[in-house]
Amino acid sequence: MPVLIYNGARQHTVSVDRKTNVRLIPGKNIVEAKALEKLMDKKAGSPGFKGLVDDGEVEVLDDTVMNPDSGDLDITKMSAKEAKALVDAEPNLDALGNYLKAEEAGDNRPSVVKAINEAISGIKAADESGGSNDNE
């Protein structure tokens, strides 16, 4: 199944018809291939969704970034740009820690490791101050 990385701050729902509604939450979203095809269709697709993709708010990754054994995303199968987009949108420390372990065991790309460490630091700093890191 394709993976969408939504970089927005709030939930967003896009639709083509009554049967094709996709709710996007900040971070990773796994959608059915048929739903994505309908959303991206040149004639009958969702202009709102296409706008999010064109503006870079949504990144569409194919299913080759999925680990077939666990069904989770495999950050080592993504380009550095895709991996950093995933990291930037990920609010979960455990997930970031797992991405860091996988990256260090795989290609160990400095820019991706740096992005993960910065995201972890930002979340920890926000937690310690009792606030949100939305404005960073």
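First, a word on what this report is: a plain description of the structure on this page. (Residues numbered from 1 in each chain as written. Predicted model: local features only at pLDDT ≥ 70, side-chain atom pairs only at ≥ 80, totals over all residues. Heavy atoms only, no water.)

**Some details on the overall build of the chain**
The test is simple: Helical segments are the DSSP runs of H or I of at least four residues, strand segments are the runs of E of at least two, and each set is numbered from the N terminus. Computation of the radius of gyration draws on C-alpha atoms, with the globule rule given as 2.2 Å multiplied by the number of residues to the power 0.38. Contacts are assigned to residue pairs that have any heavy atoms within 4.5 Å of one another. With residues, only the protein chains shown are counted as cover, and all accessible areas are computed by Shrake-Rupley using a 1.4 Å probe. Positive: Lys, Arg. Negative: Asp, Glu. His and the chain ends are not part of the count. Taken as the charge location is NZ of Lys, CZ of Arg, CG of Asp or CD of Glu.
The number of helices and strands found in the chain is 5 helices and 5 strands. Mapped from its N terminus to its C terminus, the chain presents α and β elements in the order β-β-β-β-α-α-β-α-α-α. In summary, the chain has a C-alpha radius of gyration of 16 Å against a globular reference of 14 Å for 136 residues, a match within 12%. Each principal axis of the C-alpha distribution contributes one length, and for the chain these read about 45 × 35 × 25 Å. For the chain, restricting intrachain contacts to residue pairs at least 6 apart in sequence, the fraction spanning at least 24 positions comes to 52%. Surface exposure of the chain reaches about 8,400 Å², of which carbon and sulfur atoms provide 46%. Both charge centroids of the chain, one from 17 positive and one from 25 negative side chains, sit 7 Å from each other.

**Thoughts on the packing of helix H3 (residues 80-89) against helix H5 (residues 110-129)**
Rules: To obtain each axis, a line is fitted to C-alpha atoms, and for helices this fit is confined to the stretch in contact; angles are then taken between N-to-C directions over 0 to 180 degrees. Here the angle decides the label: under 35 degrees means roughly parallel, over 145 means roughly antiparallel, 65 to 115 means roughly perpendicular, and every other value means oblique. Note on residue classes: Ala, Val, Leu, Ile, Met, Phe, Trp, Tyr, Cys and Pro are nonpolar, Asp, Glu, Lys and Arg are charged, and everything else, Gly too, is polar.
Two elements in contact, H3 and H5, have axes whose closest approach is 9 Å; the angle formed by their N-to-C orientations is 5 degrees. The angle between the axes of H3 and H5 places the two elements in the roughly parallel class. On H5, the residues that touch Ala80, Ala83, Lys84 and Val87 of H3 are Ser111, Val112, Ala115, Ile116 and Ala119. When its residues are assigned to classes, the contact of H3 with H5 shows 7 nonpolar, 1 polar and 1 charged.

**Re the side chain of Glu90**
The criterion, for reference: Throughout this description, buried means an accessible area under 20% of the type-specific maximum (1.4 Å probe, protein chains only), exposed means over 50%, and partly exposed covers the range between. Whenever a carboxyl oxygen of Asp or Glu lies within 4 Å of a side-chain nitrogen of Lys or Arg, that contact is scored as a salt bridge.
Topologically, Glu90 is positioned in the loop between H3 and helix H4 (93-105). Although Glu90 lies buried, it forms no salt bridge, and the closest oppositely charged side chain, Lys28, sits 5.1 Å away as judged by the N-O distance. Sequence-distant contacts of Glu90, that is, excluding residues within four places in its chain, are made with Ala95, Leu96, Tyr99 and Ile123.

**A short note on the sheet that holds strand E4 (residues 27-30)**
Heads up, the rule is: Strands are treated as partners if at least two bridges between them are detected by DSSP.
Pairing is antiparallel across the open sheet formed by 3 strands, whose spatial order is E4-E1-E5. Among the strands making up the open sheet, the edge pair consists of E4 and strand E5 (58-61). Averaged over all pairs of adjacent strands, the angle between their axes in this sheet comes to 25 degrees, without regard to strand direction. Note: strand E1 (residues 3-6) against E5, 4 bridges, orientation antiparallel. Bridging from a neighbouring strand, Val3 pairs with Leu61 of E5. Of the strands in this sheet, E1, E4 and E5 are in contact with H3, which crosses E1 at around 55 degrees.

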